[in-house]
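Descriptive analysis of the structure
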Amino acid sequence: MERRHSLSSEPTTTKEKKKSSSELVSVKLIEWEDYEQEVARLWSLSSALREAREKKEALEGKLHSLNQVEAESLDRLNVLEEIRERVDARKKMMESLSDRLQGAGEKAKKEEERLGAEVRSLLVAGTALSVANKKMEESNRVLAGESGFLRLRNLQKMLRLRQQFMISQVSLLYSVKMSPGPSQDQELESLPSTSKSGNSAGSKLVNPGSLTILGLHLTMLPFTKMSFFSNKKEVQRSATALGYVAHAVSLVSSYLKVPIRYPVRLGGSHSYIIDPAPSIEPISSSVESSKSTTQSTVKPVEFPLFLDGQDTTRAAYAVFLLNKDLEQLLNYIGVKSLGPRHVLANLKELVRTVQSAEFLES
């Protein structure tokens with residue numbers, strides 16, 4: 001049964017195959033005489049088709065190579081563009097560097113000129129310094145010789161001796177001595193052992209009435225308790241003593257070559273002391289004189305060293321200024337003042353110190 005079924009099925013399959021092949025390919029029937037020509041034509045067609053395929057493959061290869069070349073060219077163009085941008089950036093940087101170098105060159109040139117000027121000035125200064133060094137060496141050699149420092153010291157000692165002699169004459173002319181006598185006030189008088197440091201160990205309290213100048217006492221009593229019924233002779237004696245002190249101060253300052261701060265206009269018992277910049281205004285009865293003292297240019301004012309018809313405040317201030325001159329001279333020789341009210345004691349200490357041996361060594 002199966003075999004029959006298979007045999008019966010075979011013709012059906014062949015029929016289907018023939019039918020399908022006939023549908024796909026249209027069969028052309030040719031004569032035998034034309035067979036060779038047809039075969040030759042088919043062979044030429046197949047050869048042409050093969051050649052076309054080969055040409056197509058060759059063209060595809062060339063096209064592929066051209067595409068690769070084009071891609072490489074594009075890559076190279078991109079690379080070249082980047083290189084050109086870099087070159088442009090480098091060129092701009094080089095231009096800026098060139099400008100900077102040019103500016104730096106100009107600055108360097110200016111700096112070189114400045115340094116050259118400084119070097120020239122240093123050379124001139126070095127020459128002047130060498131000349132100054134030579135002069136200093138010559139001066140040192142001169143000072144080191146017999147006619148140098150030793151001669152200067154000898155001249156200074158001679159000057160000191162001369163000053164001692166002149167001031168001893170002043171002490172003889174206006175001698176300040178101690179004389180016994182009671183008084184109400186006290187004054188510091190320096191002993192001969194007073195040191196230059198101004199220590200109070202060498203000072204003692206003595207009666208101010210015991211100090212006299214040419215036998216005249218000097219106290220502040222007439223200046224502080226002056227009235228209409230005061231003793232005129234006592235006032236006159238104090239004014240005379242102040243005149244002596246003013247003259248002695250003027251002589252000592254001239255011998256020591258020390259310009260005193262408050263100059264003295266000598267007039268005996270009617271002497272004056274000058275304050276170039278007064279700290280107090282002089283009393284005046286007129287309004288115009290009081291206005292003149294307030295002007296910007298302050299004129300020197302004279303204060304009397306006496307009380308004959310003068311105000312007690314002005315006279316006391318004059319004594320204070322006179323004592324300031326004595327203090328200036330004491331400080332010049334290295335001694336401190338004994339106080340603002342001790343005029344005769346300061347004068348005596350000044351004369352004693354100048355006549356001591358320490359003054360020669362100073």
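Criteria and cut-off values
- Residues numbered from 1 in each chain as written.
- Predicted model: local features only at pLDDT ≥ 70, side-chain atom pairs only at ≥ 80, totals over all residues.
- Heavy atoms only, no water.
- Pairing = 2+ DSSP bridges.
- Helix = DSSP H or I, 4+ residues; strand = E, 2+ residues; numbered from the N terminus.
- Contact = heavy atoms within 4.5 Å.
- Axes fitted to C-alpha atoms, helices over the stretch in contact; angles between N-to-C directions.
- Patch = residues over 30% accessible without salt bridge, like charges linked within 9 Å, V, L, I, M, F, W, Y side chains within 5 Å.
- Areas by Shrake-Rupley, 256 points an atom, 1.4 Å probe, with all protein chains shown as cover.
- Salt bridge = Lys/Arg side-chain N within 4 Å of Asp/Glu carboxyl O.
- Lys, Arg positive; Asp, Glu negative; His and termini not counted.
- Charge placed at Lys NZ, Arg CZ, Asp CG, Glu CD.
- Core = buried A, V, L, I, M, F, W, Y, C linked by side-chain atoms within 4.5 Å.
- Buried < 20%, exposed > 50% of the residue type's maximum accessible area, 1.4 Å probe, protein only.

By the naming in an unreviewed UniProt entry, the protein is UV radiation resistance-associated gene protein, taken from Linum tenue.

Attention shifts here to the sheet that holds strand 5 (residues 216-217). Spatially, the 3 strands line up as an open sheet ordered 1-4-5, and their pairing is antiparallel. Both outer strands of the open sheet, strand 1 (176-178) and strand 5, are each paired with one neighbouring strand and no more. Both strand 4 (residues 211-213) and strand 5 contribute to a ladder of 2 bridges, which runs antiparallel. Among the inter-strand pairings, Ile-213 is bridged to a residue of strand 5, identified as Leu-216. Helix 8 (residues 343-354) contacts strand 1 and strand 4 of the sheet and is inclined by roughly 75° relative to strand 4.

Looking now at a negative patch on the surface. Together, Glu-51, Glu-54, Glu-57 and Glu-60 make up a negatively charged patch on the protein surface. By the secondary structure assignment, Glu-60 is in helix 2 (residues 35-144).

Taken together, the side chains of Leu-74, Leu-77, Val-79, Leu-80, Ile-83 and Val-87 make up a nonpolar region of the molecular surface, amounting to roughly 540 Å² of accessible area. Here Leu-80 lies in helix 2.

Ile-213, Val-245, Ile-273, Leu-322, Ile-333, Leu-347 and Leu-350 are the most contacted members of the largest nonpolar core, which has 44 residues in total. At the level of elements, helix 3 (149-173), strand 4, helix 5 (232-255), strand 8 (301-304), helix 7 (312-332) and helix 8 are the ones that each hand at least two residues to this core. Ile-273 has contacts with Tyr-262, Pro-263, Val-264, Val-301, Glu-302, Phe-303, Ala-318, Leu-321, Leu-322 and Asp-325, leaving out every residue within four places of it along the chain.

A separate point is the pattern of salt bridges. This structure, assessed with the given rule, holds 7 salt bridges. Of the charged contacts in the structure, one is a salt bridge between Arg-114 and Glu-111, with a shortest N-O distance of 2.1 Å. Residue Arg-114 and its partner Glu-111 are both found in helix 2; the two are separated by 3 residues, about one turn of the helix. Accessibility expressed as a relative area gives 39% for Arg-114, which makes it partly exposed. Glu-111 gets classed as partly exposed once you look at its relative accessible area, which sits at 35%. Residues Glu-327 and Lys-324 are paired through a salt bridge, measuring 3.4 Å at the closest nitrogen-oxygen approach.

Turning our attention to the sheet that holds strand 8. In space, the 3 strands of this open sheet follow the order 6-7-8, with antiparallel pairing throughout. Here the strands that pair on one side only, and so sit at the sheet edges, are strand 6 (264-265) and strand 8. One ladder, built from 4 bridges, connects strand 7 (residues 272-275) with strand 8; its direction is antiparallel. Looking at the pairing, Ile-273 lines up with Phe-303 of strand 8. Contacting strand 6, strand 7 and strand 8, helix 7 runs over the sheet at an angle of about 100° to strand 8.

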